[in-house]
Amino acid sequence: LVSQILGRLGNVAFALGLETDAEEYLTMALSGARALENLALVATILNDRGNVLASQKRYSEALGAFTESTVLGDAIGHHSLAVTALINAAWSSLLEGQLTASKDRLDLAFVQVNVLDDSHEKSQKLLSIGLAYDRLRQLLQPANLKMTGQSAEAFRSSAEMAHRIKDHRTASYGWGHLGHLYEEEGRIAEALELTRRAIHAAQQSVMPQSLYQWEWQAGRLLRVQGKRD
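All of the points below concern the structure found in this document. (Residues numbered from 1 in each chain as written. Predicted model: local features only at pLDDT ≥ 70, side-chain atom pairs only at ≥ 80, totals over all residues. Heavy atoms only, no water.)

## Digging into the nonpolar core
Link 1 in the chain: Trp175, Leu178, Tyr182 and Trp214 are the most contacted members of the largest nonpolar core, which totals 23 residues.
Link 2 in the chain: Take this core: its biggest share by element is 8 residues, from helix H10 (residues 188-204).
Link 3 in the chain: Excluding residues within four positions of it along the chain, Tyr182 makes contact with Ala152, Arg156, Arg187, Glu190, Ala191 and Leu194.
Link 4 in the chain: Core analysis: the next-biggest nonpolar cluster, separate from the first, contains 19 residues, Val83, Ala109, Leu136 and Ala154 among them. (Core = buried A, V, L, I, M, F, W, Y, C linked by side-chain atoms within 4.5 Å. Buried < 20%, exposed > 50% of the residue type's maximum accessible area, 1.4 Å probe, protein only. Helix = DSSP H or I, 4+ residues; strand = E, 2+ residues; numbered from the N terminus. Contact = heavy atoms within 4.5 Å.)

## A word on the packing of aromatic side chains
Link 1 in the chain: Scanning all chains against the criterion turns up 2 aromatic pairs.
Link 2 in the chain: With a centroid separation of 5.9 Å and 55° between ring planes, the pair formed by Phe110 and Tyr133 is classed as tilted. Taken together, the residues span a long stretch of sequence, with Phe110 in helix H6 (residues 99-113) and Tyr133 in helix H7 (residues 120-139) at a distance of 23 residues. Note on accessibility: Phe110 and Tyr133 belong to one class, buried.
Link 3 in the chain: A ring pair is formed by Tyr173 and Trp214, whose centres lie 6.2 Å apart and whose planes are at 75°; its orientation type is edge-to-face. Residue Tyr173 is found in helix H9 (residues 168-184), and its partner Trp214 is found in helix H11 (residues 208-224); the two are separated by 41 residues along the sequence. Judged on exposure class, the residue Tyr173 and its partner Trp214 are both buried.
Link 4 in the chain: Cation over ring: Arg187 sits above Tyr182, and NZ or CZ is 3.8 Å from the ring centre.
Link 5 in the chain: Of note, Arg220 hangs over the ring of Trp216, and the distance from its end group to the ring centre comes to 5.4 Å. (Phe/Tyr/Trp six-rings, centres within 6.5 Å; stacked < 30°, edge-to-face > 60°. Lys NZ or Arg CZ within 6 Å of the ring centre and 35° of its normal.)

Everything listed here is a matter of geometry and, on its own, says nothing about what the molecule does.
This is the structure:
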């Protein structure tokens, strides 16, 4: 119980931007969880600690935490956590400049995430995978075409699932990011249709923080079509 409380305190401190306090709480929580041999708690805290380390740009340490969390999560059957930690490891690899390693981790995460049951968490994981592929395709030019397809598939899967379970917020981001991907490819009519879906979903969930983004995107697309009014 003490380790759980410390872990939650660490996450609250992290959310408040108190990274030093967050790391201290999570380090104490991790020590207690290891002493109790509570593997599920250890795996959870490792992922949380990895997020703190990554925010401090300590990517090598973050990768160690995420990797151990992934291994433990798979070992105890907590596959959702294992996929989350694997995606986080992929992002840390990307930010550290280990682009091939990042892609390998993303490819594995993309396979494993599809085993999970439909949920808000799964649609969020797919969205994160899509964003990571999108970032990688801009950096790994020879593999650009393949990763464009992977990014599009992840965005579409996220949006369609979110729509099915009435998670309008995630659906908005999935459709919107897919629309932006098509915008960059010059597929203007398709991009506009997807952007309109994103706008509708954002309106349903009352999300001004994303609605402006998709309205702006729609404006760019309409301008390209010569519909300036």
